[in-house]
Structures are given as structure tokens and as C-alpha cells.
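Inside the fold
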Amino acid sequence: MDYSFNGISLLSFTSLLSCVIVINSAPTVIDPLYNHLFTNTSYNSKLIPVCSQGGKVDVFFGTALRQMMNLNEKDQTLLINIWLRLKWNDCRLSWNTTQYNNSHIVVPYDTVWVPDITLYDSSAEEEMMPGKTEYRATIYPSGTVYYNFPTVLQSACLVNVLYFPMDTQICTLKFGSWSHSGTELDLYPSTDQADLTNLVYHNEWDVVSMKADRNVLYYQCCPDPYPDITFSLEIKRKPLFYIMSILFPCILTASVAALGFALPPESGEKVSLEITVLLSLAVFLLMVTDQLPPSSVNFPYVGMYFASSMILVSFSCAMTVLVLNIHFRGATGNKLPNWMRRLFLGRLSWLLFVKTGKTNSNKVHSKKTDSEKQEELNQNTFTNKTFKMDHEDSTKLPTSNGNIHSQPRLPSIVTNTSSRDLLLRSGDPMLTLLTEQCETLKKIEGHMQQDESEEQTNNEWYLLAKVLDRLCLFIYIFMTILTSIIFLAKMGGS
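Residues numbered from 1 in each chain as written. Predicted model: local features only at pLDDT ≥ 70, side-chain atom pairs only at ≥ 80, totals over all residues. Heavy atoms only, no water.

**With respect to the overall build of the chain**
Assigned secondary structure in the chain consists of 9 helices and 12 strands. Long-range contacts, defined as pairs at least 24 residues apart, comprise 75% of the intrachain contacts of the chain with a sequence gap of at least 6. For the chain, the accessible surface area stands at approximately 29700 Å², while carbon and sulfur atoms represent 59% of it. (Helix = DSSP H or I, 4+ residues; strand = E, 2+ residues; numbered from the N terminus. Contact = heavy atoms within 4.5 Å. Areas by Shrake-Rupley, 256 points an atom, 1.4 Å probe, with all protein chains shown as cover.)

What follows is the structure in C-alpha cells.
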């Protein structure tokens, strides 16, 4: 029983092995054609297929842009996912379709000759065209060879950030043969533009176009011409993110600086607010310059706008210090010049809608002068009356019998004496008390007039500071709006 089972197993294994050998040894329908093209003819894939004297190979080159991956403005490099499409005719790879019933044949990369198309401005650190040797070529009976493969290219791209963030960039991709000149290999574009039908959406850039141009250049190394195909990739930035994250906060911060002129000087926060705004603008400027290449040739308008805003805020800070200085100028006792009173408190206050009220400075000074004149007049009158009373009392003295006789008048040796001295000479205590009270009232009145004059002076300096604050506010608002319109129009004119 065991022997019979072992015999059956051995027979089954032998049958299966024979089937496998038959299957492996069975030729495919492509084998005859493959042997005809590559084995029997001693085809050499390392040599260019030039079959006639003075002939050359015409290569048609086309692309299909799959994805715009990244544009690094700081390093000025472009990273894209692209499909390359090559077409040429190999005179050694033709066959008769009636003899070989094959409309085409697909062979590995290293089986056929493939032109050494190179990206001239490649900035890849390792492999220039990754995946180029991993795909297969398709051959047709006429000898036409198609080789299409996807790859990721990293190319140098000169970035012009003048109109950032509303800029449009044009990056060139220059393809050509590195080994063969135009006498052996000529290059032509398949179409005048790249294929954009399968383009993947990008969240920062919009692809406008990708045109193809053929150029024939002569280099100093070689006398022969070298043709190339240059693709001009035009992309436009989507500015909404940068407007909301950079421009709008900058405009808002610069507008906040205008509030510094609305704060009263007594608050003590005017200079602090302006300095805070200045530091905020400096931070925004650092954010922008960190994303852009350090170029002095094409400095962006947005950087100029930030610099102008910082200059305006610095101007507002300087004017705030000046206004504070003027506001507290009255404490030093300095009088406001008449020309400043007429210009700022008279004309500009009306134009700037600043309510100054009626200044009583001239009236205070005139009242003070009139009171001094009245005081001198009263003093002279009182002095004359005192002289008269004193003189009459001294000249009329009673006699022993009660009769009054006149005594010869004595010339007064005091000519310029005060009323207090004259009253003291009279010897009347009531008059002395009244005199002291009058002098006290005059001192009080003098102090009141002095306080009123100082208050009026402080009020004039305060009104002058208020007018200058309003003037600087209007100038700052006008300059901020003007610079914003100019630079936004410049940035939008790319």
C-alpha cells in the first residue's frame, strides 16, 4: 500500500515538473520580434542611431505639468512634479508588420538608446531626474520610439519679489542634450505649450501658462550649435493669506499710531503708545524679510511700505514729544509770543476745529496796568489829603484863653513819602489800622492777578499744544492714507 502511494506521488511530481518546463520553454509572441531587433542585429543601445552619413536624430520633447510643488523665494529654487515626453526615430528598430504580427513593443530603458536630455539649471543635490531609468520605452514598426516618464525637478529660479505679495513669477526650465551637438541631435518642442490638463491645485500659486521655445546657442567650449527647449512657467501668487496676515495688521497698527495724538498729555501714555507701534512695525518687517531673498536689487514694495510706516510713526513720536514740551512750557513762566497766538490760536484753531475760547491775556495785562494807575492815583490823592490835614492841624493851635491863632507854616521836609508814613505822623491809630488793611488787600489782589495771569499763560500753552496735536493728527492721517494707496497700487501693478 505504501509502495503504491509513493509511486503515485512520484508520477504526479514528474508530470507537474514536465508541465512547468514546457510552460517556461514556450516562446511568447514578442520573442521573435525582440530577437529580430536586439539579438540578431547586434543592437548597441549606447550609440546614437545615425544611419546615414551627415544624418542626425530629431528628438521631439514635450512636458505635462502635474503639480507645482514649491517655490522657495529665499533659496530661489523651484520644485515641480512633471511628466517628460520624448519622441525620436531609431532607424535600427523598424520591422515589417506582415512578418511580425506586433503593432508595438515595450522594452526596458537600458535596451534602447535614449537621448541624454538634461535640465541645465538643475539645483538637485543628488539625482537630477529621479526615476528616469526605471520606466520602459514603446517602439513602433516605423522605428519611432516614445519614452514617457514622471519625475520631480528642482530648478534654479530667479525670483523677483518687487511686487510681493501680489507678484507674478516666471521660472524657466531649459532642457537639452549634454553630449550631442545640433549636428548629431536636434531638439524640437512637441507643442508650443506644456500640457496643463492634469494639473493639481496649489494653495499658494496659480499656474498661468507654460510656454515652450526652441533656442540654438553657441557656447565657448565647442564650435557646434546646441539646441535647447526652454519652458517658461508663469505662476501668480494668491495674495489673500499675506494680506490678512501681514498687510492688514501693518495698516491697522499704523492707524493705531494716530490715536496717540488723541490722548491728552496728562495721561502720560502718548510716547509709550507710539514706541509700541514702532516696535510692532519692526516685527512685521522682520517677518517679511525672513521669507524673501536678501536682495538689494529688487527690494519689495511691501518692505518699503513698512519702512515708510516706521518713518511716519517715528515722526509722530517726535511730534508727541514736542507737544508734551509745549504743553508744560507754561510752568516755566514763559509767555506765549504774539505771532504764535495769532497764527495758532487765531487762524489754525479755526481751520482745525479746535475750540480755544476767548483768550483774556491782553485784557488781564491791561486791567493790571489800569489798577496800578488807579492805585497810584488813590495813593497820591490820599497823600495830598493827609498832607493837608496834617498841615492844617499843625498850624491851628489853641491858646491859653481858648482862642485859636495861626502858627506860621513850616515847610515840609518830606516830599516823597508813602501814605503809611504820613498816617503814622498824624498819630491816629484808626488810620494806621485802615492803612495796614488796605495794604493787605492790595497784596491779595496782586497775588490773585498774578495767579490769573499764570493760569492764562498755562491755558495758552495748553491750547497751543492742543492745536499742534490736531495738526499733527491730520498730517499723519493724510500721509498714512497717501502712502498706503501709493504702495498698494504699486504692489497691484505687477
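That covers the picture; the talk isn't over yet.
**A closer look at helix H6 (residues 338–351)**
Here H6 is 14 residues long and its end C-alpha atoms lie 19 Å apart, about the 20 Å a rise of 1.5 Å per residue gives. For H6, every residue scored as buried is listed here: Met340, Arg341, Phe344, Leu345, Leu348 and Ser349. (Expected span 1.5 Å × (residues − 1). Buried < 20%, exposed > 50% of the residue type's maximum accessible area, 1.4 Å probe, protein only.)

**Examining the packing of helix H3 (residues 240–256) against helix H5 (residues 301–327)**
Contact geometry of H3 with H5 gives a least axis separation of 11 Å together with a crossing angle of 15°. Relative to H5, the element H3 is oriented roughly parallel. Crossing of H3 against H5: the hand is left-handed. Contacts between H3 and H5 involve Ile246, Leu247, Cys250, Ile251 and Ala254 on the former and, on the latter, Val302, Tyr305, Phe306 and Ser309. (Axes fitted to C-alpha atoms, helices over the stretch in contact; angles between N-to-C directions. Parallel < 35°, antiparallel > 145°, perpendicular 65-115°, else oblique. Left-handed = near helix turned anticlockwise from the far one by under 90°.)

**Quick notes on the pattern of salt bridges**
Counted by the stated rule, this structure contains 9 salt bridges. The network of salt bridges with shared partners includes Glu73, Asp167, Glu204 and Arg237. (Salt bridge = Lys/Arg side-chain N within 4 Å of Asp/Glu carboxyl O.)

**Regarding the side chain of His202**
Within the element layout of this structure, His202 appears in the loop between strand S8 (185–189) and strand S9 (205–218). Accessibility expressed as a relative area gives 11% for His202, which makes it buried. Of the polar contacts made by the side chain of His202, one reaches the backbone oxygen of Met69; its length is 3.1 Å. Side-chain polar atoms of His202 contact the backbone nitrogen of Glu204, separated by 3.0 Å. (Polar contact = N/O pair within 3.5 Å; in protein donor to acceptor, adjacent residues only side chain to side chain.)

**Some words on the pairing of strand S10 (residues 225–237)**
Among the 13 residues in S10, 10 count as buried, and that is most of the element. The sheet contact formed by strand S7 (residues 168–177) and S10 spans 9 bridges and is antiparallel. When the sheet's bridge partners are listed, Gln169 is paired in S10 with Ile235. Pairing between S9 and S10: 13 bridges, direction antiparallel. (Pairing = 2+ DSSP bridges.)

**Remarks on the sheet that holds S10**
If you walk across this open sheet you meet the 4 strands as S4-S7-S10-S9, and the pairing is antiparallel. Sheet topology places strand S4 (117–119) and S9 at the edges, where each strand pairs with a single neighbour. Going across the sheet, the axis of each strand differs from the next one's by a mean of 25°, ignoring polarity.

**Details of the sheet that holds strand S5 (residues 136–139)**
Pairing within the open sheet is mixed, and its 6 strands lie in the order S3-S5-S6-S2-S1-S8. Edge positions in the open sheet fall to strand S3 (105–108) and S8, since each of these has one partner strand only. Geometrically, the sheet is characterised by an average inter-axis angle of 30° between neighbouring strands, direction not taken into account. Note that strand S1 (residues 57–72) and strand S2 (residues 77–89) share 11 bridges and pair antiparallel. Its bridge partner lying in S2, Ala64 is registered against Trp83. Packing of helix H2 (residues 31–39) onto the sheet brings it into contact with S3 and S5, and relative to S3 it is tilted by some 55°.

**With respect to unusual backbone geometry**
Residues Phe164 and Pro165 are joined by a peptide bond in cis, for which omega reads 5°. Take Pro165: it is sitting in the loop between strand S6 (144–156) and S7. In this structure, Gln76 is a non-glycine residue whose phi angle is positive, near 55°. Mapped onto the secondary structure, Gln76 falls in the loop between S1 and S2.

None of the figures reported here should be taken as evidence of function without further support.
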